[in-house]
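Below, each chain spelled out in residue letters.
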Amino acid sequence: MSSSRKLLGRILSDVVTVPLLVGQKLTQPALVIAHEVAKLFPESFVVRADTEDQEAKNKVIYDFFSGIAPELAHPGGSLPGSNLWDAPPNEIHPVPVILVHGTAGGGQTNWGTYVPLLTEAGFSVFTLTYGSIEHANWPISALGGMRPIEESAAEFGEFAEKVMAATGSDQIDVVGHSQGTLVPNYWAKFLGGEGKIRKYISLAPLWEGSEALDPTSHALAPVTKRLGLDPAVIMPCEALPQMMDGSAFIAKMNSGGSPYLPGIEYTNISTMHDELVRPYTSGQVPGPPGTTVHNIVVQEGCAKDLSDHLAICGSRRAAAFVLNALDDTPDRVVPCDLVAPFFGSSVAGRRGGAPAFIIPFSTEK
C-alpha cells in the first residue's frame, strides 16, 4: 500500500470525524432536550429504549437504518447474536450464514434487521466489514466495499474459511446486498471457493451490472459530460466502475455464459423501484441448464411494497423470502405490507427512528 493511499485514508477519516466531534459538542444541549421530547412519543412511532435494552431484547426492527445506532454505540463491533465464534450451530440449521453488505455498508450498519431476524429463527449468523479503506480511522473504517471487488472477494474468502473452521461446517450460506451479491460469487468462481457455498440469497443483485452510475445515462448527462465529471471516478470507491454494465469485471463474472455456478442454489430478490440497479432486471438473470436459480420481484403480488435499493433490506416481505430461501422446509407466510422507500418500514410506524440516532450522542448514558 503506497504512503499516499495511507495518507488519503487518514485525511478522509479526519474530514468526517472532526466535524462529528465538534458538532456533537455544539449540539449537546439540543440533543438532551430531544432525548426528553422523544419520551413523549408513543412507542408505535419511535423507539425510546436505550441501546443496551434493545440489544438485550434483540428485537427485530424492520428498518434499513436500524443498524446505525449499534455502530455509533460500539464502533467496529458486532451486532448482538452475530459472530459467536465459540457457539456450535443449531442442529436444525447446521450451515452458518454470512451476511455480506453493500457499497459503503458494514457488518453492523447493513444488517440491523437481519441479525436478530436470523438468530431468532435459529441460524448461526456471521457478519464482516470487507473492502474498507486501509489505515482509515472510524467512522471511515466502517464504510466497506470501497476497494476493488477482487480484493474484497479474497477478504471474504478468508472470513468464510474462518467461519467454516469455527463451526465445523464444510459449507456456508450467503445473504448479500448490492455489491455483496457479487463479492462471494467472485470468490466461489475464481478464488477457490467453488463448492463451499450452499445457498446464495441476493437482495438487489446486479449480475449484469448497472447503468445508474454511467455518466451518459442520466438526466444530467449533458452537464456532467461538459464538466468532465464521472461519478465513478470522483467517489473514492474503486468498486463502483466495476459494477457498471459493460465493465471488464461484469464481463468476467458472466464468463462462460452465466454468473452462476452449478451446485449453488441461488435466490435473487429484486425491486422494481431500485434506483441504483438499473434496470432492476440485471438481478433477475435466469439460470442455464445445470444451475438452480429462483428469481423474485417483491412487487409481484404486492404493489404497495415500495422498497428501493436500501429499503429492500428492511422489508418484511423480502425478509420472509430470505427466510424461506434459507430454510430446507420453507413454510413461512410471505406478507404484503406497505413499505416506504429508503427505510423499509411504513413511515408512521418506523422503529428505527430519531431516538435511536440520538441516544449514542446523548449526555445521558
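In case you missed it, the structure is sitting above this.
Residues numbered from 1 in each chain as written. Predicted model: local features only at pLDDT ≥ 70, side-chain atom pairs only at ≥ 80, totals over all residues. Heavy atoms only, no water.

A. Quick look at the sheet that holds strand S3 (residues 172-177). With parallel pairing, the six strands of this open sheet are ordered in space as S2-S1-S3-S4-S5-S6. Either end of the sheet is taken by a strand with one partner, and the two such strands are strand S2 (125-127) and strand S6 (292-297). Strand after strand, the sheet turns through a mean of 15 degrees between neighbouring axes, direction not considered. Taken together, the five bridges between S3 and strand S4 (residues 197-203) define a ladder with parallel strand orientation. By the bridge assignment, Gly 176 is partnered in S4 with Ser 202. Seen against the sheet, helix H7 (residues 183-190) touches strand S1 (97-100), S3, S4 and strand S5 (265-270) and runs at an angle of roughly 145 degrees to S4. (Pairing = 2+ DSSP bridges. Helix = DSSP H or I, 4+ residues; strand = E, 2+ residues; numbered from the N terminus. Axes fitted to C-alpha atoms, helices over the stretch in contact; angles between N-to-C directions. Contact = heavy atoms within 4.5 Å.)

B. Quick look at unusual backbone geometry. The omega angle of the peptide bond from Trp 138 to Pro 139 is 10 degrees, so this bond is cis rather than trans. Checked against the element boundaries, Pro 139 lands in the loop between S2 and helix H6 (149-167). In this model, Arg 278 is joined to Pro 279 through a cis peptide bond whose omega is -10 degrees. Here Pro 279 lies in the loop between S5 and S6.

C. Broad picture of the environment of Phe 126. With respect to the helices and strands, Phe 126 occurs in strand S2. For Phe 126 and Pro 96, which are 30 residues apart along the polypeptide, the C-alpha to C-alpha distance reads 7.4 Å. Among residues more than four places away in sequence, those in contact with Phe 126 are Asn 83, Leu 84, Trp 85, Pro 96, Val 97, Ile 98, Leu 99, Phe 159, Val 163 and Thr 167.

D. Examining the packing of aromatic side chains more closely. Counted by the stated rule, this structure contains 13 aromatic pairs. Measuring from centroid to centroid gives 5.5 Å for Phe 156 and Trp 187, while their planes differ by 75 degrees, and the two rings are edge-to-face. With Phe 156 in helix H6 and Trp 187 in helix H7, the pair connects residues that are 31 residues apart, well separated along the chain. Ring geometry for Tyr 186 against Phe 190: centres 4.8 Å apart, planes inclined by 45 degrees, an arrangement best described as tilted. Here Tyr 186 pairs with Phe 190, and both are found in helix H7, just four residues apart, close to one helical turn. You can call Phe 190 partly exposed: its relative accessible area is 29%. Ring pairing ties together the aromatic residues Tyr 200, Trp 207, Tyr 260 and Tyr 266, which thus form one cluster. Seen from the ring of Trp 85, Lys 162 lies directly overhead, with NZ or CZ sitting 4.4 Å from the centre. In this structure, Lys 252 packs its charged tip against the face of Phe 190, placed 4.8 Å from the ring centre. (Phe/Tyr/Trp six-rings, centres within 6.5 Å; stacked < 30°, edge-to-face > 60°. Buried < 20%, exposed > 50% of the residue type's maximum accessible area, 1.4 Å probe, protein only. Lys NZ or Arg CZ within 6 Å of the ring centre and 35° of its normal.)

E. Structural context of the state of the cysteines. The final tally for this structure, using the stated rule, is one disulfide. Disulfide pairing is shown between Cys 302 and Cys 336; the S-S distance is 2.0 Å. Because the torsion about its S-S bond is 95 degrees, the bridge between Cys 302 and Cys 336 counts as right-handed. Taken together, the positions of Cys 302 in the loop between S6 and helix H11 (316-326) and Cys 336 in the loop between H11 and helix H12 (354-358) put the pair 34 residues apart, joining distant regions of the chain. (Disulfide = S-S within 2.5 Å.)

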